[in-house]
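# Chain and residue survey
Listed below are the residues making up each chain.
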Amino acid sequence: MRSIWRTLDAVLLRDVTAVALGAAVTGASFGAISVGSGLPWWMPVLMSVVIFAGGSQFMAVGIVAAGGGPAAAVLAGLVLNARHLPFGLAVGDVLGNGWLARIVGSHLLIDESTAFAMAQKDPARARAAYWACGVSIFVSWNTGVLVGALVGQAIGDTMTFGLDAAFPAALLALTLPALKGAATRNAALVGAAIALATTPFLPAGVPVLLALGGLVVFKTAKKEEPCPSPQS
């Protein structure tokens, strides 16, 4: 582990630190929202340590708070985290060879750690970036969740200070660059329309799953895109 931290340069360390600080803020939002939704303060803390998947945790709490059942929350989380399968295939070689390293490294498999690792050309830097990012975000996220849960318990109504808006704002900021492509943007709009149309009639969590129907539009649009002509 010491060799990993020695491999980091100032720029990479700065970027990892910035992402970790952002995770702490989002984690505090999750902790406060969870307590504001009626959960005991220890439940979001335990979820964050054991599950460590921010998007799925927000979705699960939101579905349950809206009256949805645990089955819908679990299914939505599994669908959302299905992307981790290709993530694992892409960065499996940076985790290490020992079984303990692979178990711990798999728990730290998140969007950010995968992105940092894949951005490095050198294998040693990729391994250092993965572990530095994963460990830093794990610590900052869980610290933020604990602080947010305790603060949420103290203030009661999280909407008073706008803590409930922190995660949607962060998620929107992350998705905006991807919406530049017409196919992705159209798929997102169709998915949003499906979710809005079915929300009044279906149990909480189900409209989110049906919104995956937008992927059909994405796939169709990709097939219809003309292939670039060869350069003469």
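Everything that follows concerns the structure shown earlier in this document.
About the cut-offs
- Residues numbered from 1 in each chain as written.
- Predicted model: local features only at pLDDT ≥ 70, side-chain atom pairs only at ≥ 80, totals over all residues.
- Heavy atoms only, no water.
- Helix = DSSP H or I, 4+ residues; strand = E, 2+ residues; numbered from the N terminus.
- Buried < 20%, exposed > 50% of the residue type's maximum accessible area, 1.4 Å probe, protein only.
- Areas by Shrake-Rupley, 256 points an atom, 1.4 Å probe, with all protein chains shown as cover.
- Core = buried A, V, L, I, M, F, W, Y, C linked by side-chain atoms within 4.5 Å.
- Contact = heavy atoms within 4.5 Å.
- Arc of directions from axis to C-beta.
- Axes fitted to C-alpha atoms, helices over the stretch in contact; angles between N-to-C directions.
- Parallel < 35°, antiparallel > 145°, perpendicular 65-115°, else oblique.
- Left-handed = near helix turned anticlockwise from the far one by under 90°.
- Nonpolar A, V, L, I, M, F, W, Y, C, P; charged D, E, K, R; others polar.

The subject of this paragraph is the overall build of the protein. Along its length, the protein carries 13 helices and zero strands. Each helix and strand of the protein, ordered N terminal to C terminal, gives the series α-α-α-α-α-α-α-α-α-α-α-α-α. In the protein, buried positions account for 33% of the 232 residues. In the structure as shown, the protein presents an accessible area of about 13400 Å², 71% of it carried by carbon and sulfur atoms.

Turning next to the nonpolar core. Ranked by size, the top nonpolar core spans 30 residues in total, and within it Phe30, Tyr130, Ile137 and Trp141 carry the most contacts. Contributions of two or more residues to this core are made by helix H2 (10–36), helix H3 (42–50), helix H4 (54–65), helix H8 (111–118) and helix H9 (123–155). Considering each element in turn, this core owes the most residues, ten residues, to H9. Ignoring sequence-local partners within four residues, the contact set of Ile137 consists of Val19, Ala20, Ala23, Phe52, Ile110, Glu112 and Asn142. Core analysis: the next-biggest nonpolar cluster, separate from the first, contains six residues, Met59, Ala60, Ala72 and Ala73 among them.

This paragraph deals with H3. The periodicity of an α-helix, 3.6 residues per turn, causes residues three or four positions apart to be oriented the same way. Listing the buried residues of H3 in full gives Pro44, Val45, Met47 and Ser48. Around the axis of H3, the buried residues are gathered within 160 degrees of arc, so they sit on the same side. Taken together, the buried residues of H3 touch H2, H4 and H9. A positive backbone phi angle near 50 degrees is found at Phe52, which sits one or two residues after H3.

The interhelical angle for the contact between H4 and helix H5 (residues 70–80), taken along N-to-C directions, is 155 degrees, at an axis separation of 9 Å. With respect to their mutual orientation, H4 and H5 come out roughly antiparallel. You can see that H4 and H5 cross each other, and the crossing is right-handed. Between H4 and H5, the contacting residues are Gly55, Ser56, Met59, Ala60, Ile63 and Val64 on the first element and Ala72, Ala73, Ala76, Gly77 and Leu80 on the second. Residue classes in the contact of H4 with H5 are distributed as eight nonpolar, three polar and no charged.

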